[in-house]
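# Descriptive analysis of the structure
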Amino acid sequence: MLILGIETSCDETAAAIVKNGKTVLSSVVSSSEKLHQKYGGIVPEIAARKHAETIIPVIDLCLKNAGKKLQEIDYLAVSTTPGLIGGLLVGIEVTRSLSFALQKPIISINDLESHIYAAFLNKDIDEIKWPLLGLMVSGGTTALLFFKKSFGKFNIVGQTRDDSAGEVFDKVARLLDLGYPGGPAIQGLATLGDNKRYKLPYPLLRSKTNDFSFSGLKTAVLSIVKKENGIDEESLAASFQEVITEVLIQKTIKAALQFGAGTFAIGGGVAANTLLREKCGNYAGINNLDFFAPSIDFCTDNAAMVAGCAYIYAKNKIFSHWNELKPFEHKNLKNETCKY
Ligand code: KG4
């Protein structure tokens with residue numbers, strides 16, 4: 001079964017063709033990241049305009065790279081929530097038009113779920129020990145997704161109460177004048193620093209809740225930058241990275257054990273963080289959990305995860321008609337609904 005996936009929820013315009021939910025035949029991503037650099041974060045209007053310009057060439061290249069024609073595609077899949085409305089609309093309108101013209105069914109995909117599915121691309125999902133707990137950590141979201149016995153159905157069992165982890169990486173990077181995106185810049189600088197040099201709070205680490213809160217951590221970094229003359233930037237980046245990754249992994253493991261998970265997985269841009277990936281591997285071993293992470297290419301937004309995840313829906317014959325598709329921003333993730 002061949003699925004063409006389309007993803008435009010943030011600043012990446014992406015298309016991919018995936019066979020049977022597993023084998024990525026082609027994946028093309030065009031990012032407008034550079035256009036946002038001078039603003040220190042994504043400007044939704046600029047991102048949406050760039051999607052509109054880029055989406056058709058991206059789909060063309062994706063088909064060419066896979067050596068496929070549109071008529072050979074069985075189903076179309078598109079991210080519809082959560083994301084920036086202007087961007088989602090571009091992906092939805094293109095998918096709607098393709099569906100109408102080609103008479104192919106559409107699968108509407110939740111961006112959070114597909115980011116977790118990314119950890120299983122090119123792998124065997126039949127080997128997952130359910131339940132699965134997914135930590136989705138991107139610039140827009142930090143959430144824990146609980147999947148009882150399959151993809152296609154999940155509950156949000158924890159989420160950030162304020163900033164997302166990626167947003168805090170970006171804001172701390174801005175405080176240190178490192179530019180956007182902040183995650184890779186902080187990671188690079190941190191390799192040169194002492195991660196114990198600055199004492200920072202571990203937000204909600206000892207609390208019973210599975211929610212996260214990162215705005216206090218950002219403020220703690222800000223007050224160090226304001227108070228100290230000649231700060232040791234490398235060590236501040238290292239101390240910050242140590243704290244945020246430790247909170248993410250410890251809270252994920254706690255929730256995984258609480259919900260009886262056999263496996264946990266990470267997804268989203270922050271899942272590319274080397275220290276976080278290392279900690280996940282170590283904690284998984286200690287707690288006897290299976291752990292999966294996407295390849296680095298599939299951490300940030302891409303359409304392979306969309307086309308891959310859509311296979312589960314296609315197998316269960318869950319489709320959306322072209323005239324029912326709608327984008328959703330969903331500020332409160334607890335409103336994310338299960339599909340079937
Ligand atoms: O998933 P993504 O591409 O976009 C959405 O937010 O949807 O994630 C982008 C985020 C940015 O905040 C970026 O700083 C962060 O992922 N990021 C990282 C790393 N690479 C990207 N954060 C920490 N360490 C990294 N290596």
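Structure: above.
Throughout what follows, the structure given in this document is the object of discussion. (Residues numbered from 1 in each chain as written. Predicted model: local features only at pLDDT ≥ 70, side-chain atom pairs only at ≥ 80, totals over all residues. Heavy atoms only, no water.)

### Things to note about the overall build of the protein chain
- The secondary structure content of the protein chain amounts to 10 helices and 10 strands.
- Over its C-alpha trace the protein chain gives a radius of gyration of 20 Å, about what one expects of a compact globule, namely 20 Å for 340 residues.
- For the C-alpha atoms alone, the extent of the protein chain along its principal axes is close to 65 × 45 × 35 Å.
- A buried classification covers 56% of the 340 residues belonging to the protein chain.
- Taking the contacts inside the protein chain whose residues are at least 6 apart along the sequence as the reference set, 75% of them involve residues at least 24 apart. (Helix = DSSP H or I, 4+ residues; strand = E, 2+ residues; numbered from the N terminus. Rg over C-alpha atoms; globule rule 2.2 N^0.38 Å. Buried < 20%, exposed > 50% of the residue type's maximum accessible area, 1.4 Å probe, protein only. Contact = heavy atoms within 4.5 Å.)

### Considerations on the packing of helix α2 (residues 44–66) against helix α3 (residues 85–102)
- At their nearest, the axes of α2 and α3 sit 8 Å apart, and the two run at 35° to each other. Both α2 and α3 take part in a crossing whose hand is right-handed. Of the residues in α3, those in contact with Ala48, His51, Ala52, Ile55, Ile56 and Ile59 of α2 are Gly86, Gly87, Val90, Val94 and Leu98.
- Residue classes in the contact of α2 with α3 are distributed as 8 nonpolar, 3 polar and no charged. (Axes fitted to C-alpha atoms, helices over the stretch in contact; angles between N-to-C directions. Left-handed = near helix turned anticlockwise from the far one by under 90°. Nonpolar A, V, L, I, M, F, W, Y, C, P; charged D, E, K, R; others polar.)

### Some points on the pattern of salt bridges
- Considering all chains together, one arrives at 11 salt bridges under this definition.
- Across the salt bridge formed by lysine 129 and aspartate 290, the nearest N and O atoms sit 3.4 Å from each other. A residue pair is termed long-range when its members are at least 10 positions apart, and lysine 129 in the loop between α4 (111–117) and β6 (132–137) and aspartate 290 in strand β10 (residues 290–292) qualify at 161 residues.
- Residue classification places lysine 129 among the partly exposed residues on the basis of a relative accessible area of 46%.
- Accessibility expressed as a relative area gives 24% for aspartate 290, which makes it partly exposed.
- Two residues, glutamate 246 and lysine 279, come together in a salt bridge whose shortest N-O distance is 2.5 Å. Pair noted here: glutamate 246 is in helix α8 (residues 233–258) and lysine 279 is in helix α9 (residues 274–286), with a separation of 33 residues, a long-range link. (Salt bridge = Lys/Arg side-chain N within 4 Å of Asp/Glu carboxyl O.)

### Quick word on the side chain of lysine 279
- Looking at lysine 279, the relative accessible area reads 10%, which means it is buried.
- A polar contact is formed between the side chain of lysine 279 and the side chain of glutamate 242, at a distance of 3.0 Å.
- Non-local contacts of lysine 279, meaning those with residues more than four positions away in its chain, are made with Glu242, Thr245, Glu246 and Ile249. (Polar contact = N/O pair within 3.5 Å; in protein donor to acceptor, adjacent residues only side chain to side chain.)

### Observations regarding helix α5 (residues 165–175)
- Of all the positions in α5, only Ala165, Gly166, Val168, Phe169, Asp170, Val172 and Ala173 are classed as buried.
- Tucked inside the fold, the buried residues of α5 contact β6, β7 (142–147), α6 (182–190), α7 (215–227) and α8.
- Looking one or two residues past α5, aspartate 177 carries a phi angle of roughly 60°, positive in sign.

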